[in-house]
Amino acid sequence: MRVNSTSTTRTRAAVALTVAALAAGATAGAGPATARPQAAPAAAAPYCGAAHRIEQKLSTGTTWRMCWRYDGKAGLVLEDISYRPKGEPRPIKILNSARLGQIHVPYDDGTIEYDDLTGFDFAQGLMNLAPGECPGGTIKTVKVPDSVNETPTIKGLCTTTRSRGHAYRMQGDTANKVYQAAGKDLLVYTVNQVGWYEYMTEWRFQDDGTITMNVGATGSLSWDDYDAGDGRGWPIGKGAKAKATSHSHNAFWRLDFALDGSTRNSVEQYDSTVTAPTRGQRAPTTKTTRTKITKELAGDSRNYRWWRVVSAAGKNKDGHARSYEIVPGPSTKYPGRGYTKHDLYFTQYDKCELFASNNPGDCGRGAGTSVDRWVNGQTLKHPVVWMNIGFHHIARDEDQQPMPVHWQGFSIAPRDVTAMNPLTPAELGWQNGHWQPRR
């Protein structure tokens, strides 16, 4: 384990990394188009060599393809991400790049806060993985840029597959026919040690086209940081003398979309309103409205609200524009900083805007160093999505030693990417749209 060089005021909540936890994880419309379906451009061949290519055909028929590289601050970066569902003639590109955008850790007593990616050597703490931590998969060798360690080459990237349980189940037309299948995922992950605990950065690529991004915290509580005597901590161990300081983990992800190979994506927000029934109505009514987001936005999740990123370059076989819906996971929004006050941001692409807070480099006069400062009215021609998922960690006796995993994350789910469920059994392929039972 890397030596902890932090002061004793830093409490690092930790969670045990186990093979069982890896298997479990935390998995966490517009009207029909009238134009003819357009053939999506073929996904470009990955620029990367074999050592930096990930390609996996899952047993259910979906093939995922991407490149990876390792950044000296962000850690694992996945690029040129595409998938080819069963029945599609070519791969469908989704993202130019996907990676963490920051892990911000403020302490409840106000003594200190950390930006782990840009301020506390997150990427430098990449850990070697034992074969048992990547069952049935491959552990790739990673060269850590600008490594501060004696050994810059780490066996630290696991790629493997997992079953996630039922993908679907449906009773057929007759009582003796049940359609069901187990879903399969491609799992890609690394573990990075920061201070007293470790982060597992996990990416799950499902056979139905969903991508789930999770961060799990693991490792150890700081043994010499039980000093929360102001009532903000939780007593750990015998009696009520030693209190571990409570703190928040605000994890950001940065997604650069390129649906169907084009960055000319648009963003839409959907809000639904439920109204009590009026005279003559049997039940409440629900009305859903669409708002096209044409300029940069600091967005907040609400009941009956969701967003999608829409392709300008491709449609599915039904003639509907392909899109990906953003599906937030459980979150405790931290109101202490401007950049953590919102759940997600849509910003216009800028190669300088890489980290949600404590962004290094000079992005221009008055640009600021956090994502909230970059929402300044620019037109969204090439939208970048920043997702903020928070977790308020109040330690407990069960958090030692080591602790059960706590996860935080979100998903992006295909919406009209394919005309039907890509896992549809062949014998049900004719039941698309307003079908009627065959006579």
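Just so it is clear, the structure is predicted and the values come from calculations on it, not from any experiment.

(A) Fine view of the nonpolar core. The biggest cluster of nonpolar side chains holds 63 residues, and the ones touching the most others in it are Trp-64, Ile-94, Phe-205, Phe-257, Ile-326, Phe-346 and Ile-412. Discounting chain neighbours no more than four positions away, the residues touching Phe-205 are Leu-58, Trp-64, Met-66, Leu-78, Ile-81, Lys-184, Asp-185, Leu-186, Val-188, Thr-210 and Ile-211. Ranked by size, the runner-up nonpolar core spans nine residues in total, among them Leu-129, Cys-134, Leu-187 and Val-191.

(B) Region of the structure containing the pairing of strand 21 (residues 406-415). In terms of burial, strand 21 is a largely internal element, eight of the ten residues being buried. Taken together, the seven bridges between strand 10 (residues 211-219) and strand 21 define a ladder with antiparallel strand orientation. In the strand pairing of strand 21, Val-215 is matched with Gln-408. Summarising the sheet, strand 18 (residues 321-328) and strand 21 pair through six bridges and their orientation is antiparallel. By the bridge assignment, Ser-323 is partnered in strand 21 with Arg-415.

(C) The arrangement of the confidence of the model for the protein chain in detail. The predicted model of the protein chain has a mean per-residue pLDDT of 88, with 87% of residues at 70 or higher. Considering only residues more than four positions removed or in separate chains, one finds that residues 1-41, a stretch of pLDDT under 50, has 147 contacts.

(D) Broad picture of unusual backbone geometry. Cis geometry is adopted by the peptide bond preceding Gln-401, which originates at Gln-400 and carries an omega value of -5°. Tracing the backbone shows Gln-401 in the loop between strand 20 (383-393) and strand 21. Backbone torsion omega between Gln-401 and Pro-402 reads 10°, so that peptide bond is classified as cis. Residue placement: Pro-402 occurs in the loop between strand 20 and strand 21. Although it is not a glycine, Tyr-304 sits at a positive phi angle of roughly 65°. Its place among the elements puts Tyr-304 in the loop between strand 16 (297-299) and strand 17 (305-315). Take Tyr-304: its relative accessible area is 43%, and that puts it in the partly exposed class. The phi dihedral of Asn-358 falls on the positive side, at around 50°, and the residue is not glycine. Along the polypeptide, Asn-358 turns up in the loop between strand 19 (344-348) and strand 20.

Definitions and cut-offs
Residues numbered from 1 in each chain as written. Predicted model: local features only at pLDDT ≥ 70, side-chain atom pairs only at ≥ 80, totals over all residues. Heavy atoms only, no water. Core = buried A, V, L, I, M, F, W, Y, C linked by side-chain atoms within 4.5 Å. Buried < 20%, exposed > 50% of the residue type's maximum accessible area, 1.4 Å probe, protein only. Contact = heavy atoms within 4.5 Å. Helix = DSSP H or I, 4+ residues; strand = E, 2+ residues; numbered from the N terminus. Pairing = 2+ DSSP bridges. pLDDT = per-residue confidence, 0-100.

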